[in-house]
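Below are the chains, spelled out letter by letter.
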Amino acid sequence: MTQILTFLGIESSCDDTAAAIVRLQGGRAQILSSVVAGQTELHAAYGGVVPELAARAHAEKLDLCIEEALLRADTPLTALDGIAVTAGPGLIGGVLSGVMCAKGLAAGSGLPLVGVNHLAGHALTPRLTDAVAFPYLMLLVSGGHCQFLIVHGVDHFTRLGGTIDDAPGEAFDKTAKLLGLPQPGGPAVEAEAQQGNPKHFPLPRPLLDRPGCDMSFSGLKTALLRARDGVLAIHGGLPRQTRADLCAGFQAAVADVLAEKSRRALAEYMALTPASPVFAVAGGVAANSLIRARLETVAAQNEVRFLAPPLALCTDNAAMIAWAGIERFQSGARDGMDLSARPRWPLDQHAPAMLGAGKKGAKA
Ligand code: KG4
Ligand code: ZN
């Protein structure tokens, strides 16, 4: 008899409150429902996520999102096989809200509880959408994350490198702010860049001169600020074409860095001689057409299948948490009422720790 597993997933580690029901049946995963309540408007006036506001909003919205997810999936709580919850890394107040909610539900229903690493949720998504086999290469590239991972197994990751300061999405957002464009900055900068000349302002390609897969995006933002101020000093304002040129220059620099570092990460991954090599991306920045095309080209040059899950599953959601919970549950993982919320939780325990914090919390 084939095993059927139906899990509730709960996500609240940053600025999205999310709940989803995912079912594994006959070896196939199916998302029965996925509810995401964002908090963009709540934080809009502050230029970043305010942790205390985020935590309170999660606490208010979690039960509503869970109810809605169960309703849309037409599945009562009693029909579930387990509850998966993001237990870190992230903004601790939000993670705590989710973990406490999941514990309450598990205690009340008697269902098994499985704590999930948020990054593992992103990293295991290609198995939810495309049943990809281990090992595969993953690039997480969003407003909060930027790292290359070789995914060897449900709980086994090698971190090849990542940003040592800002995440690219964060840099897109700050660039938009510097140029008077709306948030989120990524789509706004991309739209402007279409009219711009990427060569007009030659911006740096940080860390390309150093070996390895680590990246840096904060200096790029500073270079852009200097270029903008130079224009302001001469013109007293920012001509439309100049703004487009700055956006194009910035976008080209990020794309160049991500493409070259992907080439290096792929070389390390291919040394494992995987039977069916896959390079998958996740995160909001993967929505950028130029960046996506450049990554696709690098994959094609290496004869590696390129995979980008649908955007709704690339950005923060609870279906990925439910799925990672199912995968962990199948490998025997169970958590008790002592499951703790962790602000930091690196996927690769052997990789050097990331220092500092981004606008979306501690770097993992
Ligand atoms: O995955 P996501 O929702 O992550 C976090 O919440 O961290 O990604 C959001 C980030 C934002 O910083 C946004 O500016 C960026 O992804 N983004 C883009 C594009 N669309 C979204 N960056 C570049 N180009 C885009 N088209
Ligand atoms: Zn995320």
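Residues numbered from 1 in each chain as written. Chains lettered and ligands numbered in written order. Predicted model: local features only at pLDDT ≥ 70, side-chain atom pairs only at ≥ 80, totals over all residues. Heavy atoms only, no water.

Student: Is there a simple way to think about the overall build of the protein chain in this case?
Tutor: When helices and strands are tallied, the protein chain shows 11 helices and 12 strands. Radius of gyration (C-alpha) of the protein chain: 21 Å, near the 21 Å computed for a compact globule of 364 residues. Counting only C-alpha atoms, the protein chain reaches 70 × 50 × 35 Å along its principal axes. For the protein chain, with 364 residues in total, the buried portion stands at 55%. Sequence-distant contacts, at least 24 apart, represent 71% of the contacts inside the protein chain between residues at least 6 apart. Mean positive and mean negative side-chain charge positions of the protein chain (31 and 33 charges, respectively) differ by 5 Å. (Helix = DSSP H or I, 4+ residues; strand = E, 2+ residues; numbered from the N terminus. Rg over C-alpha atoms; globule rule 2.2 N^0.38 Å. Buried < 20%, exposed > 50% of the residue type's maximum accessible area, 1.4 Å probe, protein only. Contact = heavy atoms within 4.5 Å. Lys, Arg positive; Asp, Glu negative; His and termini not counted. Charge placed at Lys NZ, Arg CZ, Asp CG, Glu CD.)

Student: When you look at the packing of aromatic side chains in this model, what are you seeing that I'm missing?
Tutor: By convention here, two paired aromatic rings are described through the distance between centres and the angle between planes. One pass over the full model with this rule turns up four aromatic pairs. For the pair F279 and F306, a centre-to-centre distance of 5.9 Å together with 70° between the ring planes defines the contact as edge-to-face. One end of the pair, F279, is in strand 9 (residues 278-282); the other, F306, is in strand 10 (residues 305-307), and 27 residues separate them in sequence. Judged by relative accessible area, F279 falls into the buried class, the value being 0%. When its relative accessible area of 18% is taken as the criterion, F306 is described as buried. (Phe/Tyr/Trp six-rings, centres within 6.5 Å; stacked < 30°, edge-to-face > 60°.)

Student: I keep staring at the coordination of the zinc ion (ligand 2) and nothing clicks. Help me out?
Tutor: Reference values for coordination geometry: four tetrahedral donors around a metal ideally subtend 109.5 degrees, six octahedral donors ideally subtend 90 or 180 degrees. Note on the zinc ion (ligand 2): its protein donors are H118 (NE2), H122 (NE2), H145 (NE2) and D316 (OD). The metal-donor distances range over 2.1 to 2.4 Å. Bound by four donor atoms, the zinc ion (ligand 2) shows angles of 89 to 160° at the metal and therefore irregular coordination geometry. Along the chain, the residues donating to the zinc ion (ligand 2) fall in the pattern H-x3-H-x22-H-x170-D. You can see H122 sitting in helix 4 (residues 118-130) and its partner D316 sitting in the loop between helix 10 (311-314) and helix 11 (319-330), a full 194 residues away along the chain. Here the two residues H122 and D316 agree in accessibility, since each one is buried. (Donors = N, O, S within 2.8 Å, 3.2 Å for Na, K, Ca; no water. Tetrahedral: all angles 85-135°; square planar, octahedral: opposite > 155°, others 65-115°.)

Student: Which parts of the structure should I look at to understand the sheet that holds strand 5 (residues 113-117)?
Tutor: Each strand in a sheet pairs with another by means of backbone hydrogen bonds, the pair being arranged parallel or else antiparallel. The strand order across the open sheet formed by five strands is 3-2-1-4-5, and the pairing between neighbours is mixed. Unpaired on one side and paired on the other, strand 3 (28-38) and strand 5 mark the two borders of the sheet. Neighbour-to-neighbour, the strand axes of this sheet turn through a mean angle of 20°, independent of strand direction. Strand direction decides the pairing type here: strand 2 (residues 16-25) and strand 3, joined by 10 bridges, are antiparallel. Opposite V22, over in strand 3, you have I31 as the bridge partner. Its contacts with the sheet put helix 2 (residues 51-72) on strand 1 (4-11), strand 2 and strand 3, and the angle it makes with strand 2 is roughly 30°. Against the sheet, helix 4 makes contact with strand 1, strand 2, strand 3, strand 4 (82-88) and strand 5, and its axis sits at roughly 95° relative to strand 5, the strand it touches most. (Pairing = 2+ DSSP bridges. Axes fitted to C-alpha atoms, helices over the stretch in contact; angles between N-to-C directions.)

Student: Please clarify how the packing of helix 5 (residues 168-178) against helix 8 (residues 240-270) should be interpreted in this entry.
Tutor: Packed helices, taken two at a time, are described by their axes: the angle between them and the distance between them. For the pair helix 5 and helix 8, the least separation of the axes is 11 Å and the interaxial angle reads 170°. The angle between helix 5 and helix 8 falls in the class roughly antiparallel. Judged by residue contacts, P168, A171, F172 and T175 of helix 5 engage F250, Q251 and V254 from helix 8. Of the residues in the contact of helix 5 with helix 8, the class split is five nonpolar, two polar and no charged. (Parallel < 35°, antiparallel > 145°, perpendicular 65-115°, else oblique. Nonpolar A, V, L, I, M, F, W, Y, C, P; charged D, E, K, R; others polar.)

Student: How should I be thinking about the pattern of salt bridges in this particular structure?
Tutor: Pairing between side chains of opposite charge can happen when their charged atoms approach one another. In total, this model carries 16 salt bridges according to the counting rule given. A salt bridge links E192 to R240, with the nearest nitrogen and oxygen atoms 2.8 Å apart. Within this pair, whereas E192 is found in helix 6 (residues 185-193), its partner R240 is found in helix 8, the two being separated by 48 residues in sequence. A cluster of three or more residues bridged by salt bridges with shared partners is formed by D166, E170, K174 and K221. (Salt bridge = Lys/Arg side-chain N within 4 Å of Asp/Glu carboxyl O.)

Student: Please explain the domain arrangement of the protein chain as it appears in this structure.
Tutor: The accessible area lost on association of the parts is a frequent measure of interface size. Considered domain by domain, the protein chain is made up of domain 1 (5-131 + 316-330) and domain 2 (136-311). For domain 1 and domain 2, the distance between their C-alpha centroids amounts to 28 Å. Together domain 1 and domain 2 conceal approximately 1200 Å² of surface at their shared face, both sides included; 70% is due to carbon and sulfur atoms. Run the count over domain 1 and domain 2 and you get two salt bridges. Here R305 and D130 are joined by a salt bridge, their closest N and O atoms 3.4 Å apart. For the side of domain 1 that touches domain 2, the leading source of residues is helix 4, giving 11 residues. (Domains from an automatic or database assignment. Buried area = accessible area lost by both parts, 1.4 Å probe.)

Student: Could you clarify how one ought to interpret helix 6 in this entry?
Tutor: Each turn of an α-helix holds 3.6 residues, which means side chains three or four residues apart point in the same direction. For helix 6, the complete set of buried residues consists of G185, A188, V189, E190, E192 and A193. Residues of helix 6 that are buried make contact with helix 5, helix 8 and helix 9 (289-301).

Student: I tried to follow a nonpolar patch on the surface on my own but got confused; where do I start?
Tutor: Where nonpolar side chains cluster on the molecular surface, the patch consists of I92, L96 and M100 and spans about 260 Å² of accessible area. Tracing the backbone through its elements, the reader meets M100 in helix 3 (residues 92-109). (Patch = residues over 30% accessible without salt bridge, like charges linked within 9 Å, V, L, I, M, F, W, Y side chains within 5 Å. Areas by Shrake-Rupley, 256 points an atom, 1.4 Å probe, with all protein chains shown as cover.)

Student: So what exactly am I meant to see when it comes to unusual backbone geometry here?
Tutor: Glycine aside, negative phi is the norm for most residues, and most peptide bonds take the trans geometry. A cis geometry characterises the amide bond from F134 onward to P135, with omega recorded as -10°. Locating P135 in the fold gives a position in the loop between helix 4 and strand 6 (136-141). Here the amide bond leading from Q183 into P184 is cis, since omega sits at -5°, within 30 degrees of zero. Relative to the assigned elements, P184 resides in the loop between helix 5 and helix 6.

Student: When you look at the packing of helix 2 against helix 3 in this model, what are you seeing that I'm missing?
Tutor: At a minimum axis distance of 8 Å, the contact between helix 2 and helix 3 shows a crossing angle of 35°. Remark: the crossing between helix 2 and helix 3 carries right-handed chirality. Across the interface between the two elements, A55, H58, A59, L62 and I66 of helix 2 pack against G93, G94, S97, G98, C101 and L105 of helix 3. Here the contact of helix 2 with helix 3 is built from residues that sort into six nonpolar, five polar and no charged. (Left-handed = near helix turned anticlockwise from the far one by under 90°.)

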